[in-house]
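Here is what each chain is made of, one letter per residue.
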Amino acid sequence: MIEFDQVSKRYPGGHEALKQLSFQMPAGDMRFLTGHSGAGKSTLLKLIMVMERATSGQVVVNGHNLTRLPARRIPELRRRIGVVFQNHQLLFDRSVFDNVALPLVIAGYGHRDIGRRVRAALDKVGLLDKERQNPISLSGGEQQRVGIARAVVNKPALLLADEPTGNLDPQLSAEIMHLFEQFKQVGVTVLIATHDLSLIARMPYRLLSLRNGQLVTAGGGDDVAQ
Ligand code: ADP
Ligand code: ADP
């Protein structure tokens, strides 16, 4: 599903954010991407979404070699990837329903299909009764669940999250992580960047740990490069 082979990323100005990174993540896996601020977590996620391109090495996602992927094929690839952000980037000028519907509207789905899929996504995150509300009236945890519903409404095979619990207390963070586990259980590949080590310590998933743009082996003999 995701394969990095000797991937380096150097930003204009010379900073090398990722150095000779190699790992494979099979379809259906759930993993945490950890590391200090500036370690390269967001850069790694951006390479998978083709928001940035590798300076050298190969990134293969879903069988597509992103190093060679022409720009015109990027939207099609992105439709198959759900993304959850820390600040969830919801639009406060429209309802919960319309926020979640946005990716489907952009993809050109019909009215009936949109209603069905949006409600299925809201049901999965437990917010079916809030579809008509404005997200500004929801709690932080509920807003993040709307962000997750929007990320999965297209039924992506791959779900990426960048510090999805960054603004939440421990209890709500655990609930959000449990939601991600439920997507893993139905076959979605899940990669979550977080620096909240206490939150993930008790979860039975592999870590991809970055330090200064390089993979370091996680504790407990976990073979991160497999
Ligand atoms: P993390 O998500 O782990 O905090 P990032 O991937 O955001 O790390 O950043 C890795 C390094 O790359 C940092 O030193 C950061 O300052 C640098 N960096 C990130 N984005 C850019 C950019 N657009 N231009 C130049 N340097 C960048
Ligand atoms: P279908 O066409 O599948 O029967 P609709 O799309 O007409 O379903 O919507 C069914 C219900 O959802 C209706 O009660 C409708 O008012 C409501 N609904 C539709 N669009 C929105 C929206 N943007 N925000 C909130 N509720 C909506």
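From a predicted model like this one, the values you see are computed outputs, not experimental measurements. (Residues numbered from 1 in each chain as written. Chains lettered and ligands numbered in written order. Predicted model: local features only at pLDDT ≥ 70, side-chain atom pairs only at ≥ 80, totals over all residues. Heavy atoms only, no water.)

K.L.:
A description of the confidence of the model for the protein should follow, citing residues and the corresponding values.
P.N.:
When pLDDT is averaged across the protein, the result is 92; 96% of the residues are at 70 or more. Within the model, the stretch residues 219-226 combines pLDDT values under 50 with 19 contacts to residues more than four positions away or in other chains. Of the two predicted TM-score estimates for the complex, the pTM is 0.85 and the ipTM is 0.68. (pLDDT = per-residue confidence, 0-100. Contact = heavy atoms within 4.5 Å.)

K.L.:
Help me get a handle on the environment of F4, residues and values and all.
P.N.:
With respect to the element layout, F4 can be found in strand β1 (residues 2-10). With relative accessibility at 2%, the residue F4 sits in the buried group. C-alpha of F4 to C-alpha of G126: the two residues are 122 residues apart in sequence and 35 Å apart in space. If we skip the residues at most four places from it in the chain, F4 touches L21, S22, F23, L44, L47, I48, Q58 and V59. (Helix = DSSP H or I, 4+ residues; strand = E, 2+ residues; numbered from the N terminus. Buried < 20%, exposed > 50% of the residue type's maximum accessible area, 1.4 Å probe, protein only.)

K.L.:
Tell me what's going on with the sheet that holds β1, and back it up with residues and numbers.
P.N.:
Pairing in this open sheet of four strands is antiparallel, and the strands run β2-β1-β4-β5 from one edge to the other. A single partner strand is all that each edge strand has here, and the edge strands are β2 (16-25) and β5 (64-65). The strands touched by helix α1 (residues 41-48) are β1, β2 and β4 (56-61); relative to β1, the strand with the most contacts, the crossing angle is about 120°. (Pairing = 2+ DSSP bridges. Axes fitted to C-alpha atoms, helices over the stretch in contact; angles between N-to-C directions.)

K.L.:
Quick rundown of the nonpolar core? Include the residues and the values.
P.N.:
Membership of the largest hydrophobic core comes to 38 residues, with the highest contact counts inside it found for F32, V118, L159 and F180. Sorting the residues of this core by element identifies β3 (30-35), α3 (96-107), α4 (111-124), α5 (140-152), β7 (158-162), α6 (170-185), β8 (189-193) and α7 (197-200) as the ones contributing at least two each. Discounting chain neighbours no more than four positions away, the residues touching L159 are G82, V83, V84, A151, V152, F180, F183, V188, T189, V190 and L191. Counting 29 residues, the second-largest nonpolar core is a separate cluster that includes L18, L33, L44 and V61. (Core = buried A, V, L, I, M, F, W, Y, C linked by side-chain atoms within 4.5 Å.)

K.L.:
How would you summarise the pattern of salt bridges if you had to cite specific residues and measurements?
P.N.:
One pass over the structure, following the stated rule, counts eight salt bridges. With a shortest N-O distance of 3.3 Å, E52 and K9 are connected by a salt bridge. Taken together, the residues E52 in the loop between α1 and β4 and K9 in strand β1 connect sequence positions 43 residues apart. Of the charged contacts, one joins R119 and E131 as a salt bridge, the two residues approaching to 2.9 Å between their closest N and O atoms. Taken as a pair, R119 in helix α4 and E131 in the loop between α4 and α5 lie far apart in primary sequence, twelve residues in all. (Salt bridge = Lys/Arg side-chain N within 4 Å of Asp/Glu carboxyl O.)

K.L.:
For the layout of surface pockets, give the residues involved together with the corresponding values.
P.N.:
Reported here for the largest pocket is a volume of approximately 560 Å³. Looking at the lining of the largest pocket, the elements with two or more residues in it are α2 (74-79), β6 (81-85), α3 and α5. The residue inventory of the lining of the largest pocket, partitioned by class, reads twelve nonpolar, three polar and three charged. Quantified by volume, the second largest pocket comes out at close to 160 Å³. K124, V152, K155, P156, Q182, F183, V186 and V188 together form the lining of the second largest pocket. (1 Å grid on protein atoms, 1.4 Å probe; cavity = no way out; pocket = protein on both sides within 12 Å on 5 of 7 lines; lining within 4 Å. Points joined across faces, edges and corners; volume = space filled by probe spheres on them. Nonpolar A, V, L, I, M, F, W, Y, C, P; charged D, E, K, R; others polar.)

K.L.:
I'd like a rundown of the pairing of β8, residues and numbers included.
P.N.:
β8 sits mainly inside the fold: five of its five residues count as buried. Of the two faces of β8, the one holding T189, L191 and A193 and the one holding V190 and I192 are both buried throughout. In this structure, β3 lies alongside β8, joined through four bridges in parallel fashion. Paired with L33 across the two strands is A193, which belongs to β8. Each parallel crossover has a hand, and for β7 linked through α6 to β8 it is right-handed. (Right-handed = clockwise from strand over helix to strand, strands pointing away.)

K.L.:
Describe the packing of α5 against α6, naming the residues involved and giving the relevant values.
P.N.:
With their axes 10 Å apart at the nearest point, α5 and α6 run at an angle of 15° to one another. Judged on the interaxial angle alone, α6 and α5 are roughly parallel. The two elements α5 and α6 meet at a crossing, and its hand is right-handed. Note on element contacts: α6 touches α5 through L172, I176, L179, F180 and F183, opposite G141, Q144, R145, I148 and V152. (Parallel < 35°, antiparallel > 145°, perpendicular 65-115°, else oblique. Left-handed = near helix turned anticlockwise from the far one by under 90°.)

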